[in-house]
Structures are given as structure tokens and as C-alpha cells.
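One letter stands for each residue in the lines below.
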Amino acid sequence: MRIGYIAANTFREAVRDRVLYNLIVFAFLMIGASLVLGQITIGVERELLVNLGLAAIAFFGVLIAIFIGIGLVSKEIDKRTVYTVLTRPVQRWQFILGKYFGLVGTLAVNTFFMGCGLFLALLYMTHKFERADIYVLIAIFFVFLQMVIVTSFTMLFSSFSTPIESAVMAFCFFVIGSFSTDLHSLSASAKGIVKVFATIAAYVVPNISALNVSTAVAHGEAVAGATVALNLGYALLYSGAMVAAAALIFQRRNMK
Amino acid sequence: MNAIATFALEKFYLTGFWRKHPKQALKPLTLEVPEGEIFGYLGPNGAGKTTTLRLLMGLVKPTAGSSKILNGTIEDPAIRAQIGFLPEQPYFYDYLTAVELLTYYAQLSGVPAGERQRRVASTLDRVGLAKDAVHTQLRKFSKGMLQRVGIAQAILHQPKLVFLDEPMSGLDPIGRREVRDLIASLKDEGKTVFFSTHILSDAEALCDRVAIVANGELRGVGAVAEMTSSLGGNMEVVWEGEGANEAIKALGRELRVAGAITRSVVPESMLNQVLDILRAKNARIISVTPVRATLEDYFLQKLAQTSGGAD
Ligand SMILES: Nc1ncnc2c1ncn2[C@@H]1O[C@H](COP(=O)(O)OP(=O)(O)O)[C@@H](O)[C@H]1O
Ligand SMILES: [Mg+2]
């Protein structure tokens, strides 16, 4: 119950922030631009639109996740708004969960609108829906799962470092995670100390690349049901662990 | 029963870039506040008042010692449901209106849904926030208005025990007066109030008992009347006739002369001696009135006593 109230207030804060709308407008502009680009490239219009559109949704979604995520908890401590929340019958872990769900909810609504934008663009281009569009929908869902993961580790970082440090770390984590397939192959082929580091990194850093199916989907390829289940399970486990770690750190910390 | 009890509660902050320099913000503090009291926690800026409140509120962990709130621990949500807290220079979610903010806090404090709206409205009314202000975003509020919102959120859920850190700061004289009345009315409702201030007259007018802290150290606890009477009273003597002035000056008293009238403040112990001199010199005694010692006198005396040894 209290988690829900905290989440709702976090959502309200994001929705009343102008920055959010600026980012969404940019995402729409990018989808619009890929529509125009698609019209001057004959034959691969749909492929281009799907690829660029998904990239735009992912890019702006992750940007919002990181930029709101770094301040999610630290801003409340800095401005001392936590004082009048944590002295109520609210547990610290409930506060962390509420903040997390509030941002994830914001990102869900964002992704929904941006996804609608992409589908409108698709409809405008092809004048019909086809079976392959279902896989575009799944790809959008995977992009959302990326945001769920990014939010979780951004919040973890911000629970023990400054907003700027957290942003840098979160960005690095995201970029490395996007190449996690390469890390896994490196850990398999390398030797000695490199192998140790590559293996650790491959398991600590989130497997973002598995959640990126846009190239395949743009080609009209299918996404297997098992992949969806696996990715969903992975995203829940990984972000669950990150949020739990953030809550543990928050439980012990002094509020200045 | 005690509403608050602390046992050698102590806090060191680690300061400096590498957090290597421990700074003792609060020396071991043992204090008891019975239920139903208005308790003033007095001290100059930097005395450790806010630190004590953060420790009591569980926002900061003590270096050593412990505290009990309503016979339980502040870590327990059931205890937190029964307390209210106004932080120093409060700041709130500035994208909310006063009504939205208080509704949110009412939700978190477990005020039943059916009662929230009425409770929020009556509390805002009680702290004197104008009707047109309550639907304005808090970012447009003045410091004094924020202070009122702060007091409102501390009493909204009808807590048994209220902690207020500098509740009158940022308010104009009328506002201070209103907050004083409000604190007094909380006591009438049977609540316990623990408030910090560096303004002695606020405490003098309100408190059953006060504690005085300076440099993180407790310097005295007691009823205001006890403290001021321990200083011993002074007497103001006014007379007419200059014949006695030299002899009284010789006792080491200061005189203020206005025309034929002279006045002097003398310790009670010296009063008879002074009156004898006046009679002997045929001065006409106009009045003898006790001068009440103020908390400020006590406070200054307490600070003077121990400040030599500090740091
Ligand atoms: N977070 C902190 N880190 C380091 N020192 C602090 C911190 N908070 C307070 N202090 C120091 O502790 C002392 C007491 O401060 P405080 O409790 O705010 O006093 P008061 O509220 O009585 O004015 C001051 O010397 C202050 O500088
Ligand atoms: Mg203070």
C-alpha cells in the first residue's frame, strides 16, 4: 500500500517535469525522421523505420532512466525530503521499492506512447498491419525490459555515490552490457587473468544485448516464445538483485 | 511514563575530504521527558540540537548510546505512527500543492481514506494557511508559509508526541505568536512536545521544563522557574534625595540618576543595607520592586561557566 503511494508520487514528480516531455518530443522527431528517410530508400523502408524507431525508443528511454534514476533517492536525501517520509510508518525498503516502481511506471507509460508513435509511422508507411508487427511489439517490450534493468543499477549506484558518478557508471554499465555477447565469447576464449575478469564482467554486467532484437525484427524474423520467457525472467532476477542491494545500502545509511 | 529517554546518546561526525577528522557534535546525553510535557531544548547555533533530533528520529545512527521513544524504538513503524516531526528549515516536494502534499503524508501515516480530505483541510486551517494558498505549488511558497506547511505535516496524523526543530524560525512576530498558541493547544490535547530553539523567550513562555545545551554538551535541565530563581532575585530601588548616592555607590552599585530621582538594582542580600543607608541619609524611598531573573540570565551564566574549558 505505502509502496504504491510512494510510487504514485514519484510518477507524479516525473510527469510534472518538463524535461520528460522534451525527451519524448525528441523521440517522436526521430521516428518521424526515419519515416522520411525510409521514403527515399526504396525497398528497405520498413526495415529502416523499425530499426531507427526501436533505437530511438531505447535511446530516449535509457536516457530518462539514467537521468531520473540518478536523483531518484539521492535528491531526496540532499533536499531532505526523506526526513518527513522516513519518520512516518514507512520502512526504508518500502521507500526504495516505491521510488523504483514509480520510475519504472513512468518509463512504461513513455514506452507505450513512443511505441504508439512507431506503430502509427508503420501504419502510415504500409497502410496495414502484418504478422511481423507482433515481433516489433515484442522488441518494444524488450526495450522496456532494458529500461527496467538500467533503472535498477542506476538506483543502486546512486545509493552510494554522487549523481554525476552514478550517471557515468550507469552509462558505462549500459554500454558494456550492450556488448555482453562479446564478453561471453571473450571469457570463453581468453586465458589467465583476462579470462577471470571477462567472466566476472560477463555475469555482473547486465546482458543488454540479449534484449536487443531490433535487427532481427526489422528483417521480419520471428522471436521465439522461449526467448520472451527467458528475457523476462532474466530482467526480473537481475533488477530484483540490484534493487535489493540498493535497499540494503539505504537501510544502513545516515540521512546526512 | 517517559515519552522520550536517551541513554548516553552520542554522535561523532567524520569530516574532511577523507572523512578522517571526527567531530563530536553531541557528547553523551542522558535525558528524560515525561509524557504530557512541553519540553524546550535550548542552545546557541551549532550546539547540537538538530543532531540530537536526527538521532532521536533514527535518521542518523548514534556513535554510541541509545534512545527510547514512547517506550519503544524509533525503528519500529508502529512507534513512528505516533510521532510527528518538523525538520529544521523544512523543504518539501515543490511540485505539489499544500493539499496534495498533506494528502500524501496522510496516506503514508495511515490516516483512513475516508478521513483524509477533512483532516488535511482542518490541519491547514489550524496552521493558518490562507485558502487560496493551499492549491498553489509549494515552489511558490515563502519561507514562513513552508514553515506552516511543516508544522501542519507534523500534527496532521494526530501524533502523541511531536518533535519540532526551531518551529518559530522564518515566521514574523504574529506567526511566532500563533505557533506558540498552537504548541500550547497541543499540550491541552494531552500531547508531548519536544522543541528546539535558540530563542529563549519562546521557551520561557511555553515550556514546563527546558534543557540547555552548548558545544554538544548538556549544561542544565529543569523547570524554567527553578532555573531563574536559582540565580537569586534582584531588587530595583528608587528614591529621591541625592544625599545617599555617594554611600550607595561605595557599595559597588551602579546608579541611574534622572533629575532628583535615582534608581539602582541591588541583590536581595544587600537590600536591607541599602535601605538603612537611604533612611540614615533621609532619602525618600519611592519604590522597591523585585526584578525577575530571565531564562536568558540563566543561560548566559551557564554558557559563561563552562566555556573556558571547551576546545
Ligand atoms: N552532517 C554533518 N557533518 C559534519 N558535521 C556536522 C553535520 N551536522 C552537524 N554538524 C556539526 O555538528 C555541530 C552541531 O550541529 P547542529 O546539531 O546542527 O547544531 P544546532 O542545531 O544546535 O545549531 C556543528 O558544529 C555542526 O557543524
Ligand atoms: Mg539546528
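Residues numbered from 1 in each chain as written. Chains lettered and ligands numbered in written order. Predicted model: local features only at pLDDT ≥ 70, side-chain atom pairs only at ≥ 80, totals over all residues. Heavy atoms only, no water.

A. Spotlight on the side chain of A:Ser159. All names here are of chain A. Within the fold, Ser159 resides in the loop between helix H7 (132-158) and helix H8 (163-178). For Ser159, a relative accessible area of 5% gives the class buried. A polar contact of 2.5 Å, which involves the side chain of Ser159, links it to the backbone oxygen of Leu156. Excluding residues within four positions of it along the chain, Ser159 makes contact with Ala246, Ile249 and Arg253. (Helix = DSSP H or I, 4+ residues; strand = E, 2+ residues; numbered from the N terminus. Buried < 20%, exposed > 50% of the residue type's maximum accessible area, 1.4 Å probe, protein only. Polar contact = N/O pair within 3.5 Å; in protein donor to acceptor, adjacent residues only side chain to side chain. Contact = heavy atoms within 4.5 Å.)

B. Broad picture of the side chain of A:Asn231. All names here are of chain A. In this fold, Asn231 is placed in helix H12 (residues 225-252). With relative accessibility at 8%, the residue Asn231 sits in the buried group. In terms of polar contacts, Asn231 uses its side chain to reach the backbone carbonyl oxygen of Ala210, at 3.3 Å. Those residues in contact with Asn231, other than ones at most four positions away along the chain, are Phe142, Leu145, Ala210 and Leu211.

C. Representation of the site of ligand 1. Residues and elements named next belong to chain B. Around ligand 1 sit 14 residues, and of these Gly46, Gly48, Lys49, Thr50 and Thr51 come closest. Taking Lys23, its side chain carries an N or O atom lying 3.0 Å from an oxygen atom of ligand 1. Of the residues forming the shell around ligand 1, the biggest block, four residues, is contributed by helix H1 (residues 49-56). Grouping the constituent residues of the shell around ligand 1 by class yields four nonpolar, six polar and four charged. (Near = heavy atom within 4 Å. Nonpolar A, V, L, I, M, F, W, Y, C, P; charged D, E, K, R; others polar.)

D. Main features of the pairing of strand S2 (residues 21-34) of chain B. Residue and element names in this part refer to chain B. Two strands pair when backbone bridges link them, and strand S1 (residues 2-15) and S2 are joined in this way by 10 bridges, in the antiparallel orientation. From the neighbouring strand, Tyr13 faces S2, where its bridge partner is Lys23. Taken together, S1 and the strand that follows it, S2, pair antiparallel across an intervening segment of five residues, in which Gly16 is found at a positive phi of about 90 degrees. (Pairing = 2+ DSSP bridges.)

E. Representation of the interface of chain A and chain B within the structure. Facing the 27 residues of chain A at the interface are 31 residues of chain B. With both chains or domains summed, chain A and chain B bury close to 2,900 Å², and 51% of this area falls on carbon and sulfur atoms. Taken together, the connections running from chain A to chain B amount to one salt bridge. Linking A:Arg16 and B:Glu100 is a salt bridge whose minimum nitrogen-to-oxygen distance equals 2.8 Å. Joining chain A to chain B, the criterion identifies 19 residue pairs in polar contact (both at pLDDT 80 or more). Elements with a contribution of two residues or more to the side of chain A that touches chain B: helix H1 (2-15), helix H5 (83-86) and H12 of chain A. For the side of chain A that touches chain B, the element with the highest residue contribution is H1(A), accounting for six residues. In the side of chain A that touches chain B, the residues fall into eight nonpolar, seven polar and 12 charged. (Buried area = accessible area lost by both parts, 1.4 Å probe. Salt bridge = Lys/Arg side-chain N within 4 Å of Asp/Glu carboxyl O.)

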